[in-house]
Amino acid sequence: MASFALDLDAVLADTRPLWRDWVEDASRRARVELDLPEDREAAAALLDERLGDWRPLLERFAADRAPVYFRPRAETNAILRRLQASGSRIGAFTDAPRELADIALAHAGAARRVETVGTEREVLLELGDGAVVVRSRDELARAAAV
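Residues numbered from 1 in each chain as written. Predicted model: local features only at pLDDT ≥ 70, side-chain atom pairs only at ≥ 80, totals over all residues. Heavy atoms only, no water.

Chemist: An account of the overall build of the protein chain is needed here, citing residue identities and associated values.
Modeler: A tally of helices and strands in the protein chain yields eight helices and four strands. Scanning the protein chain from its N terminus toward the C terminus, one meets helices and strands in the order β-α-α-α-α-α-β-α-β-α-β-α. At 16 Å, the protein chain has a C-alpha radius of gyration in line with the 15 Å of a compact globule built from 146 residues. Seen along its three principal axes, the alpha-carbon backbone of the protein chain occupies a region of about 50 × 30 × 20 Å. Just so you have it, the protein chain exposes about 7900 Å², and 47% of that area is on carbon and sulfur atoms. Mean positive and mean negative side-chain charge positions of the protein chain (22 and 27 charges, respectively) differ by 6 Å. (Helix = DSSP H or I, 4+ residues; strand = E, 2+ residues; numbered from the N terminus. Rg over C-alpha atoms; globule rule 2.2 N^0.38 Å. Areas by Shrake-Rupley, 256 points an atom, 1.4 Å probe, with all protein chains shown as cover. Lys, Arg positive; Asp, Glu negative; His and termini not counted. Charge placed at Lys NZ, Arg CZ, Asp CG, Glu CD.)

See the structure below:
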């Protein structure tokens with residue numbers, strides 16, 4: 001059985017624009033300068049220090065604005081359906097917080113096709129040896145054609 005680890009932001013739904021807009025909004029509302037690193041795992045640690053319980057705020061912001069940022073891609077979702085129907089396991093990896101990743105997957109129409117979500121390392125551990133790492137839509141189309 002084949003397994004595929006998809007880069008969420010490059011293949012399914014780019015979460016970075018919504019993340020940047022949330023950081024800007026959170027900074028303005030909290031009246032605190034949030035100069036965060038690009039790596040969102042590292043940014044999460046800083047947010048824990050500076051904002052405390054920020055995850056529900058991100059989740060609410062993302063849920064309210066997701067339709068503007070994320071749209072299903074028919075061709076990508078067709079490939080995911082074929083892979084799942086063939087018995088393949090599908091995971092999605094990202095450095096985005098889980099709250100944002102889940103909302104992006106739901107709005108991209110991929111949530112029920114993806115069985116595991118996390119960092120690249122976490123997803124590869126879950127999918128096991130031999131998982132194909134997919135970093136673009138073109139790579140997904142090529143991998144599904146094999």
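Chemist: Lay out the packing of helix α2 (residues 16–30) against helix α4 (residues 55–69) in plain terms, naming residues and giving numbers.
Modeler: At their nearest, the axes of α2 and α4 sit 10 Å apart, and the two run at 135 degrees to each other. The angle between α2 and α4 places the two elements in the oblique class. The handedness of the crossing between α2 and α4 comes out as right-handed. Residues P17, L18, W19, D21, W22 and D25 of α2 touch α4, and the partners they reach there are L57, L58, F61, A62, R65 and Y69. Each residue belonging to the contact of α2 with α4 can be placed in one class, and the counts come to nine nonpolar, no polar and three charged. (Axes fitted to C-alpha atoms, helices over the stretch in contact; angles between N-to-C directions. Parallel < 35°, antiparallel > 145°, perpendicular 65-115°, else oblique. Left-handed = near helix turned anticlockwise from the far one by under 90°. Contact = heavy atoms within 4.5 Å. Nonpolar A, V, L, I, M, F, W, Y, C, P; charged D, E, K, R; others polar.)

Chemist: Quick rundown of α4? Include the residues and the values.
Modeler: Where α4 bends most, at A63, the angle is about 40 degrees, and the proline P67 comes one to four residues later. Those residues of α4 not exposed but buried are L58, F61, A62 and A66. Buried residues in α4 make contact with α2 and α6 (98–108). (Bend = angle between axes of the 7 residues up to and from the residue. Buried < 20%, exposed > 50% of the residue type's maximum accessible area, 1.4 Å probe, protein only.)

Chemist: Before we move on, could you go through the packing of aromatic side chains and cite the residues and values that matter?
Modeler: Per the counting criterion, the structure on display carries four aromatic pairs. Considering the side-chain rings of W19 and W22, the 5.6 Å spacing of their centres and the 40 degrees angle between planes classify their relative orientation as tilted. Taken as a pair, W19 and W22 lie in helix α2 at a separation of three residues, close to a single helical turn. Classification of W19 as buried rests on a relative accessible area of 6%. Centre to centre, the rings of Y69 and F70 are 6.4 Å apart; their planes meet at 50 degrees, and the pair counts as tilted. (Phe/Tyr/Trp six-rings, centres within 6.5 Å; stacked < 30°, edge-to-face > 60°.)

Chemist: Explain the pattern of salt bridges residue by residue, including any values.
Modeler: In this structure the tally under the stated criterion is ten salt bridges. D25 is the salt-bridge partner of R29, the closest N and O atoms lying 2.8 Å from each other. Here D25 and R29 lie together in helix α2, a separation of four residues that amounts to about one turn. Here R29 falls in the exposed class, since its relative accessible area comes to 62%. Several salt bridges converge on common partners, so that one network encompasses D9, R16, R40 and D95. (Salt bridge = Lys/Arg side-chain N within 4 Å of Asp/Glu carboxyl O.)

So, to be careful, I would describe these as geometric facts and stop short of saying anything about function.
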